[in-house]
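Coordinate analysis (summary)
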Amino acid sequence: MPQTPTPADLQKGHASSDEATLASERGRTALAVGVIEKIAGMAAREISGIHALGSGFTRSFGAVRDRVPGSKSGAGRGVKAEVGEKQTAIDIALVVEYGVVIPALAAEVRANVIDAVERMTGLEVVEVNISVNDVHLPDEPDEEEPAGRVQ
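A few points on the structure. Small disclaimer: the values here were computed from a predicted structure and weren't measured. (Residues numbered from 1 in each chain as written. Predicted model: local features only at pLDDT ≥ 70, side-chain atom pairs only at ≥ 80, totals over all residues. Heavy atoms only, no water.)

Core analysis: the biggest nonpolar cluster contains 27 residues, and Ile90, Ile92, Val109, Val113 and Val117 have the highest contact counts within it. Those elements giving two or more residues to this core turn out to be strand E2 (19-24), helix H1 (33-45), strand E4 (50-53), strand E5 (79-83), strand E6 (87-97), helix H3 (102-121) and strand E7 (124-136). The contact partners of Val113, leaving out residues within four places of it in the chain, are Ala40, Ala43, Ala44, Ile90, Ile92 and Val128. (Core = buried A, V, L, I, M, F, W, Y, C linked by side-chain atoms within 4.5 Å. Buried < 20%, exposed > 50% of the residue type's maximum accessible area, 1.4 Å probe, protein only. Helix = DSSP H or I, 4+ residues; strand = E, 2+ residues; numbered from the N terminus. Contact = heavy atoms within 4.5 Å.)

What follows is the structure, encoded as structure tokens:
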């Protein structure tokens, strides 16, 4: 089975602001920024203690958009990536569960996002900036649930 190439193994071709183009001996691979954002979003959600990604407005708007037939998945919601020739920088907005040690959680999210993005894309992740926008309390309803819902 062939080894997964590392970022140093890949050479970068020309790229627009909306995609990264990785060049190799036998062709180019174009990665849309949305791909990197989805990978980062999924990697962040794998960490225990994360309630949601994005700000309150982003989550509310995304919940409405997700209900529209044919709309795209919200896996990249709360994540913004900037892509250069061989590197990427990622910003992630989090809502954490009450009681979680935030610095430890941020370090774990950062490590998991860097590992996933570098392994899957071959791009070097130069930074992962994390902003904690809210703390979800145990007795708070999710914003995505309709108000007054009977359980």
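Burial along E5 is one-sided: Val79, Ala81 and Val83 are buried, while Lys80 and Glu82, pointing the other way, are not. In the sheet, E5 pairs with E6 via 5 bridges, with the strands oriented antiparallel. Paired with Ala81 across the two strands is Ile90, which belongs to E6. Two successive antiparallel strands, E5 and E6, enclose a turn made up of 3 residues. (Pairing = 2+ DSSP bridges.)

Here we take up the packing of H1 against H3. Running from amino to carboxyl end, H1 crosses H3 at an angle of 140°, the nearest separation of the two axes being 8 Å. By the criterion of interaxial angle, the relationship of H1 to H3 is oblique. The crossing of H1 and H3 is right-handed. Residue-level inspection shows Ile36, Ile39, Ala40, Ala43 and Ala44 of H1 in contact with H3, the latter providing Val109, Asn112, Val113, Ala116, Val117, Met120 and Thr121. Of the residues assigned to the contact of H1 with H3, the class counts are 10 nonpolar, 2 polar and no charged. (Axes fitted to C-alpha atoms, helices over the stretch in contact; angles between N-to-C directions. Parallel < 35°, antiparallel > 145°, perpendicular 65-115°, else oblique. Left-handed = near helix turned anticlockwise from the far one by under 90°. Nonpolar A, V, L, I, M, F, W, Y, C, P; charged D, E, K, R; others polar.)

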